[in-house]
Amino acid sequence: MDENYTELAVRIQETDSRSKSNEHRLDAHDSELHELREKQDAIYDLTSSVKSIATDMAYIKEDVKEVRSGQDKLNEKVTVLENKPAAETKKKLDTITEKLIWLFVGGLAAGALALAFPEIVW
């Protein structure tokens, strides 16, 4: 019977040894699982941040389009304002030129009339 007890004691010792080994392995796996969960949470946070950045970029893109549109309108207004003095000056010069031409034509007409009718005193 001693042999049976000895064999049983050996088996209990082996089982106890395996149990401690398995407990140590489970503790290591729990630690690794905890690290994986932390990394998974970090990846989730990073993904959320990238999604938020992409959304913000879409809004920024729309804002840039609006700014460009406003800038084009402003450029048109500035061009009109820059050209206004030149247009006014051209209009004045055209008016002066036209009046000088009419003055010359009037002088020619008066001279022609004076030659045509020398007996009339001008």
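Residues numbered from 1 in each chain as written. Predicted model: local features only at pLDDT ≥ 70, side-chain atom pairs only at ≥ 80, totals over all residues. Heavy atoms only, no water.

A. Just the pattern of salt bridges, in detail. Considering all chains together, one arrives at 3 salt bridges under this definition. Glu7 is paired through a salt bridge with Arg11; the nearest N and O atoms lie 3.8 Å apart. Of this pair, Glu7 and Arg11 both sit in helix α1 (residues 2-116), 4 residues apart, which is roughly one turn of the helix. Judged by its relative accessible area of 52%, Arg11 falls in the exposed class. Among the salt bridges present, the one from Lys20 reaches Asp16, with a minimum N-O distance of 3.7 Å. Highlighted residues: Lys20 and Asp16, both in helix α1, separated by 4 residues, approximately one helical turn. On the accessibility criterion, Lys20 (55% relative accessible area) is exposed. (Salt bridge = Lys/Arg side-chain N within 4 Å of Asp/Glu carboxyl O. Helix = DSSP H or I, 4+ residues; strand = E, 2+ residues; numbered from the N terminus. Buried < 20%, exposed > 50% of the residue type's maximum accessible area, 1.4 Å probe, protein only.)

B. Fine view of a nonpolar patch on the surface. A cluster of nonpolar side chains, Ile101, Trp102, Phe104, Val105 and Leu108, forms an exposed patch at the surface whose accessible area comes to about 560 Å². Checked against the element boundaries, Ile101 lands in helix α1. (Patch = residues over 30% accessible without salt bridge, like charges linked within 9 Å, V, L, I, M, F, W, Y side chains within 5 Å. Areas by Shrake-Rupley, 256 points an atom, 1.4 Å probe, with all protein chains shown as cover.)

C. Molecular detail of a negative patch on the surface. Side chains of Glu32, Glu35, Glu38, Asp41 and Asp45 sit close together on the surface and give a patch of like negative charge. Checked against the element boundaries, Glu35 lands in helix α1. Relative accessible area serves as the criterion here: at 42%, Glu35 is assigned to the partly exposed category. (Lys, Arg positive; Asp, Glu negative; His and termini not counted. Charge placed at Lys NZ, Arg CZ, Asp CG, Glu CD.)

D. Here's a closer look at α1. Under the 1.5 Å per step criterion, the end-to-end length of α1 is 166 Å for 115 residues, consistent within 8% with the ideal 171 Å. Maximal helix bending in α1 amounts to about 35°, located at Lys84; proline Pro85 follows within four positions. (Expected span 1.5 Å × (residues − 1). Bend = angle between axes of the 7 residues up to and from the residue.)

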